[in-house]
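# Overview (structure and organization)
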Amino acid sequence: MLSFFVSVSLLLLLFLGRIFKTRERGLQLLLITSVPMLFVSGYSWPAESLPTALYYARWLLPTTSGIHGFVSINQLGASLMDVIWEFAVLLGLALVMIAVGIKLYRPQR
């Protein structure tokens, strides 16, 4: 699951790097937003206290499903079948980012 989380995070970084004029801006944005993503994921801040829209929108970030899956496997002794939802969310994010990446990185004619 760790390698899948890293892959999705790298796809997000590639996507952000393509949006900005310089590739480094995507990394800078990811570094600045990493702490808020940690809070929104529900690991260090209770997710139930988030506003409703943010509670559901947090699943669009790879950190939420990644952290939930890691904690469940590592601390709670869950199997891969127990974290299938988190894995499916990461897979969905990866597929969306691959599709967007193919569209963004297609050679210009």
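Above this text sits the structure in question.
Residues numbered from 1 in each chain as written. Predicted model: local features only at pLDDT ≥ 70, side-chain atom pairs only at ≥ 80, totals over all residues. Heavy atoms only, no water.

### Structural notes on the packing of helix 1 (residues 2-19) against helix 5 (residues 84-104)
Relative orientation of the contacting elements helix 1 and helix 5 amounts to 30°, with a least axis distance of 9 Å. With respect to each other, helix 1 and helix 5 are oriented roughly parallel. Crossing of helix 1 over helix 5 shows left-handed handedness. Every residue of helix 5 that contacts helix 1 at F4, F5, V8, L11, L12, F15 and R18 is listed here: F87, L90, L91, L93, A94, M97, I98, V100 and L104. (Axes fitted to C-alpha atoms, helices over the stretch in contact; angles between N-to-C directions. Helix = DSSP H or I, 4+ residues; strand = E, 2+ residues; numbered from the N terminus. Parallel < 35°, antiparallel > 145°, perpendicular 65-115°, else oblique. Left-handed = near helix turned anticlockwise from the far one by under 90°. Contact = heavy atoms within 4.5 Å.)

### Thoughts on the nonpolar core
The biggest cluster of nonpolar side chains holds 11 residues, and these are M1, F4, F5, V8, W59, A78, V83, V89, L90, L93 and A94. Taken together, the elements giving at least two residues each to this core come down to helix 1 and helix 5. Counting residues per element, this core draws most heavily on helix 5, at four residues. L12, L30, M37 and M97 belong to the second largest nonpolar core, which has five residues in total. (Core = buried A, V, L, I, M, F, W, Y, C linked by side-chain atoms within 4.5 Å. Buried < 20%, exposed > 50% of the residue type's maximum accessible area, 1.4 Å probe, protein only.)

### Side note on helix 1
End to end, helix 1 covers 26 Å across 18 residues, agreeing with the expected 26 Å (1.5 Å per residue, within 8%). Buried positions along helix 1 lie against helix 2 (23-40), helix 4 (62-74) and helix 5. (Expected span 1.5 Å × (residues − 1).)

### Focus: the environment of V83
Within the secondary structure, V83 sits in the loop between helix 4 and helix 5. Sequence spacing of V83 and V100 is 17 residues, and the spatial spacing of their C-alpha atoms is 26 Å. The contact partners of V83, leaving out residues within four places of it in the chain, are M1, G69, S72, I73 and A78.

### Side note on the side chain of S65
In this fold, S65 is placed in helix 4. Ignoring any residue separated from it by four or fewer positions in sequence, one finds S65 in contact with M1, W59, E86, V89 and L90.

### Thoughts on a nonpolar patch on the surface
A surface patch of nonpolar side chains, about 450 Å² in accessible area, is lined by M81, I84, W85 and F87. Among the secondary structure elements, I84 is positioned in helix 5. (Patch = residues over 30% accessible without salt bridge, like charges linked within 9 Å, V, L, I, M, F, W, Y side chains within 5 Å. Areas by Shrake-Rupley, 256 points an atom, 1.4 Å probe, with all protein chains shown as cover. Salt bridge = Lys/Arg side-chain N within 4 Å of Asp/Glu carboxyl O.)

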